[in-house]
Amino acid sequence: MDRNLLENHYKRILTDNKERFLEGGVGDAFLSNAKNDNRMALVVLIRITSEIAGKINKCISELRDIEPDLYYYPCEDFHITVMDILRGEEGRELPHNLDDYIKCIRECCSEIDPFKITFDGLVASDNAIMVKGYYDEQLLRFRESLRNSLAVNGLSLEERYKTISSHITISRLYDKYTNPTELMDYIEKPHSFGAMTVKNMEISYHNWYDTRKQLLSVVEL
C-alpha cells in the first residue's frame with residue numbers, strides 16, 4: 001500500500017477535525033455505558049501483539065497526564081478493523097447464514113500471505129485519538145477480494161465507508177477536552193510504536209467499543 005496515500009488519509013482526518021478538537025471536541029453520548037453497549041457488528045479484525053500494546057500503554061500513560069478523564073481502551077480491546085461486514089446496530093443478532101460469511105472470509109484469507117503493519121504516529125478526530133498504521137499490499141488485496149466475494153455470493157456488506165485505514169483507536173471523549181491545545185501538541189509530536197507481522201485475522205461479533213465480544217473464528221494466513 002502506498003504510504004503517501006495513507007499519510008494523506010490521516011492528514012485529512014486531522015485537518016478536518018482539528019478546529020472542533022481545539023474547541024473541546026464532540027463528546028460521545030453512548031460512551032458512558034461502553035461496557036454494556038449493544039450496538040453489535042460482524043467484523044473482521046486484527047489483534048495487536050503484546051509488544052505493540054505495551055508501547056501503546058506507555059503512550060496512554062502520558063496522555064492520561066494531560067487528559068485523565070478520557071475513555072482509554074484496555075489492552076485486550078486494542079484492534080484494527082479490517083472490515084465492518086454487518087455494521088454496528090443496536091440489538092443486532094448474528095445472521096442465520098453466518099457459516100457462509102465465515103467460508104467466504106476464509107477463502108479470501110487463503111489468497112494472501114502474512115503481512116506487515118508499521119505503527120507510526122498519532123492522529124485525532126473530534127472525539128477519538130488513534131495510532132496510525134501503515135500496511136503492505138496484502139491487506140489491500142484482501143479487502144478488495146472480500147468485497148468482490150461477498151457480492152458474488154449474495155452476502156450483505158454494510159461498510160460505513162470503504163475502509164482504507166489500519167488505525168488503532170486508543171481513546172474516546174466523554175464530553176469536552178479540558179486541555180485540547182496541550183493534547184494536540186502531544187498528538188502532533190513523533191511517536192513510534194514499532195511493527196508487527198499479521199499472521200491471522202479474527203472474525204468477531206462485537207460492540208462499538210469492543211467491550212463485548214464473541215470470537216467466532218481465527219483464520220490463519
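This one's a predicted model, so the numbers in the text were calculated from it and none came from an experiment.

When its secondary structure is counted, the chain shows 5 helices and 9 strands. Secondary structure elements of the chain, listed N to C terminal, follow the sequence α-β-α-β-β-α-β-β-α-β-α-β-β-β. Taking 221 residues into account, the globule formula puts the C-alpha radius of gyration at 17 Å, and the chain, at 17 Å, falls close to it. Relative to its 221 residues, the chain shows a buried fraction of 53%.

Counting across every chain of the model gives 0 disulfides. Not engaged in a disulfide, the cysteine Cys 109 finds its nearest cysteine sulfur in Cys 108; these two sulfurs lie 7.3 Å apart.

Among the 8 residues of strand S8 (residues 200-207), 7 are classified as buried, and the element is accordingly described as predominantly covered. Pairing of strand S1 (residues 39-47) with S8, which is carried by 6 bridges, proceeds in the antiparallel orientation. The partner of Val 43 across the bridge, within S8, is Ser 204. As judged from the 7 bridges shared by S8 and strand S9 (residues 213-220), these two strands associate in the antiparallel manner. Within S9, the position partnered with Met 201 by the bridge is Val 219. Count of turn residues in the S8/S9 antiparallel hairpin: 5 residues, of which Asp 210 carries a positive phi of about 65 degrees.

With that out of the way, let us pick up the packing of helix H3 (residues 98-109) against helix H4 (residues 137-152). Put simply, H3 and H4 touch, their axes get as near as 9 Å, and they point 140 degrees apart. Once H3 is placed against H4, the crossing between them reads as right-handed. Between H3 and H4, the contacting residues are Tyr 101, Cys 104, Ile 105, Cys 108 and Cys 109 on the first element and Phe 142, Ser 145, Leu 146, Ser 149 and Leu 150 on the second. Residues that form the contact of H3 with H4 fall into these classes: 8 nonpolar, 2 polar and no charged.

Attention now moves to the sheet that holds strand S3 (residues 79-90). The strand order S3-S1-S8-S9 describes an open sheet built from 4 strands, whose pairing is antiparallel. Two strands lie at the open edges of the sheet, namely S3 and S9, each paired on one side alone. Sheet twist, expressed as the average angle between the axes of neighbouring strands with direction ignored, equals 15 degrees. Against the sheet, H3 touches S1, S3, S8 and S9, its axis set at about 35 degrees to S9. Along the sheet, H4 contacts S1, S3 and S8; its crossing angle with S3, the most-contacted strand, is approximately 30 degrees.

Okay, the packing of aromatic side chains next. Counted according to the given criterion, the structure contains 5 aromatic pairs. Note on Tyr 71 and Tyr 174: the rings are 6.5 Å apart at their centroids and 85 degrees apart in plane angle, and the pair reads as edge-to-face. Of the two residues, Tyr 71 sits in strand S2 (residues 71-72) while Tyr 174 sits in the loop between strand S6 (168-172) and helix H5 (180-187), which places them 103 residues apart along the sequence. Owing to a relative accessible area of 12%, Tyr 71 belongs among the buried residues under this scheme. Counting every residue linked through ring pairs, the aromatic cluster contains Tyr 71, Tyr 73, Tyr 174 and Tyr 209.

Here we come to the packing of helix H2 (residues 50-66) against H5. Pairs of packed helices are described in terms of their axes, by the angle between the two and the distance that separates them. Contact geometry of H2 with H5 gives a least axis separation of 10 Å together with a crossing angle of 160 degrees. The pairing of H2 with H5 is recorded here as roughly antiparallel in orientation. Crossing geometry of H2 relative to H5 is assigned as right-handed. Listed contacts from H5 to Cys 59, Glu 62, Leu 63 and Ile 66 of H2 are Glu 182, Leu 183 and Tyr 186. Taken together, the residues that form the contact of H2 with H5 break down as 5 nonpolar, no polar and 2 charged.

Thresholds applied
- Residues numbered from 1 in each chain as written.
- Predicted model: local features only at pLDDT ≥ 70, side-chain atom pairs only at ≥ 80, totals over all residues.
- Heavy atoms only, no water.
- Helix = DSSP H or I, 4+ residues; strand = E, 2+ residues; numbered from the N terminus.
- Rg over C-alpha atoms; globule rule 2.2 N^0.38 Å.
- Buried < 20%, exposed > 50% of the residue type's maximum accessible area, 1.4 Å probe, protein only.
- Disulfide = S-S within 2.5 Å.
- Pairing = 2+ DSSP bridges.
- Axes fitted to C-alpha atoms, helices over the stretch in contact; angles between N-to-C directions.
- Left-handed = near helix turned anticlockwise from the far one by under 90°.
- Contact = heavy atoms within 4.5 Å.
- Nonpolar A, V, L, I, M, F, W, Y, C, P; charged D, E, K, R; others polar.
- Phe/Tyr/Trp six-rings, centres within 6.5 Å; stacked < 30°, edge-to-face > 60°.
- Parallel < 35°, antiparallel > 145°, perpendicular 65-115°, else oblique.

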